[in-house]
Amino acid sequence: MKSILLSLVMFLTATSNVENETFPTEFYGVWQSIDNEFLRIQSNFNFETEFLRVKGREMLASGNLSSVEGRIHVVRKDIDKEYTLAYTIYNNTMIVEKPDSHRVWVFTKVGN
């Protein structure tokens, strides 16, 4: 019985770290764009990475994120769309390619 509980704890610990190993730790938190949009990236109770992007009181986008070959794979919840974006993080700045565009978002980290 003790070994079953130990195995279960080890499994849960291993699976809880999967998402945090996929994205760098600094990826998670609250980010503010130069357009005054806010992006919250967090791990949910199922250890999935979720995001919410707002401007003022208006929700602009929400969904799940996963890492695919060093890029962000986005599955939107607010609309039926998914895409993969290039990104980079340097110090407290994150630059993310916009979907279907040659433009980028520039975010500054403002909270954890």
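Each value, and the rule that gives it
- Residues numbered from 1 in each chain as written.
- Predicted model: local features only at pLDDT ≥ 70, side-chain atom pairs only at ≥ 80, totals over all residues.
- Heavy atoms only, no water.
- Pairing = 2+ DSSP bridges.
- Helix = DSSP H or I, 4+ residues; strand = E, 2+ residues; numbered from the N terminus.
- Axes fitted to C-alpha atoms, helices over the stretch in contact; angles between N-to-C directions.
- Buried < 20%, exposed > 50% of the residue type's maximum accessible area, 1.4 Å probe, protein only.
- 1 Å grid on protein atoms, 1.4 Å probe; cavity = no way out; pocket = protein on both sides within 12 Å on 5 of 7 lines; lining within 4 Å.
- Points joined across faces, edges and corners; volume = space filled by probe spheres on them.
- Nonpolar A, V, L, I, M, F, W, Y, C, P; charged D, E, K, R; others polar.
- Contact = heavy atoms within 4.5 Å.
- Salt bridge = Lys/Arg side-chain N within 4 Å of Asp/Glu carboxyl O.

Novice: Which residues make up the sheet that holds strand β6 (residues 82-85), and what are the values?
Specialist: Taken together, nine strands build an open sheet; the order of strands is β6-β5-β4-β3-β2-β1-β9-β8-β7 and the sheet is antiparallel. A single partner strand is all that each edge strand has here, and the edge strands are β6 and β7 (87-90). Within this sheet the neighbouring strands show an average axis-to-axis angle of 30°, counted without direction. Bridge count between strand β5 (residues 71-76) and β6: four bridges; the pairing is antiparallel. What sits directly across from His73, in β6, is Thr84.

Novice: Go over the pairing of β6 with me, naming the residues and quoting the values.
Specialist: Residues of β6 alternate between two faces, with Tyr83 and Leu85 buried on one and Glu82 and Thr84 left unburied on the opposite face. Where β5 folds back on β6, the antiparallel hairpin that results is connected by five residues.

Novice: Mind laying out empty space enclosed by the protein, listing which residues take part and the relevant values?
Specialist: To locate leftover empty space, one rolls a probe as large as a water molecule over the atoms. Under the criterion given, the structure shown has one cavity of 30 Å³ or more. Considered as a void within the structure, the largest cavity measures approximately 160 Å³ in volume. Lining the largest cavity are 15 residues; nearest its centre among them are Leu39, Phe51, Leu85, Val96 and Trp105. Counting residues per element, the ones that place at least two in the lining of the largest cavity are β2 (38-43), β3 (49-55), β4 (58-68), β5, β6, β8 (93-97) and β9 (104-111). The residue makeup of the lining of the largest cavity, split by class, is 14 nonpolar, no polar and one charged.

Novice: An account of the environment of Glu37 is needed here, citing residue identities and associated values.
Specialist: Of note, Glu37 is situated in the loop between β1 (29-33) and β2. Between the C-alpha atom of Glu37 and that of Met59, which follows or precedes it by 22 residues, the distance is 9.7 Å. Residues contacting Glu37, with those up to four places away along its chain left out, are Trp31, Gln32, Arg53, Val54, Lys55, Leu60 and Trp105.

Novice: Can you lay out the pattern of salt bridges for me, pointing to particular residues and giving the numbers?
Specialist: In this structure the tally under the stated criterion is five salt bridges. With a shortest N-O distance of 3.6 Å, Arg71 and Glu97 are connected by a salt bridge. Taken together, the residues span a long stretch of sequence, with Arg71 in strand β5 and Glu97 in strand β8 at a distance of 26 residues. A relative accessible area of 33% places Arg71 in the partly exposed class. Using a relative accessible area of 27% as the deciding quantity, one classes Glu97 as partly exposed. With a closest N to O distance of 2.7 Å, Arg76 and Asp78 form a salt bridge. Given the relative accessible area of 14%, Arg76 is considered buried.

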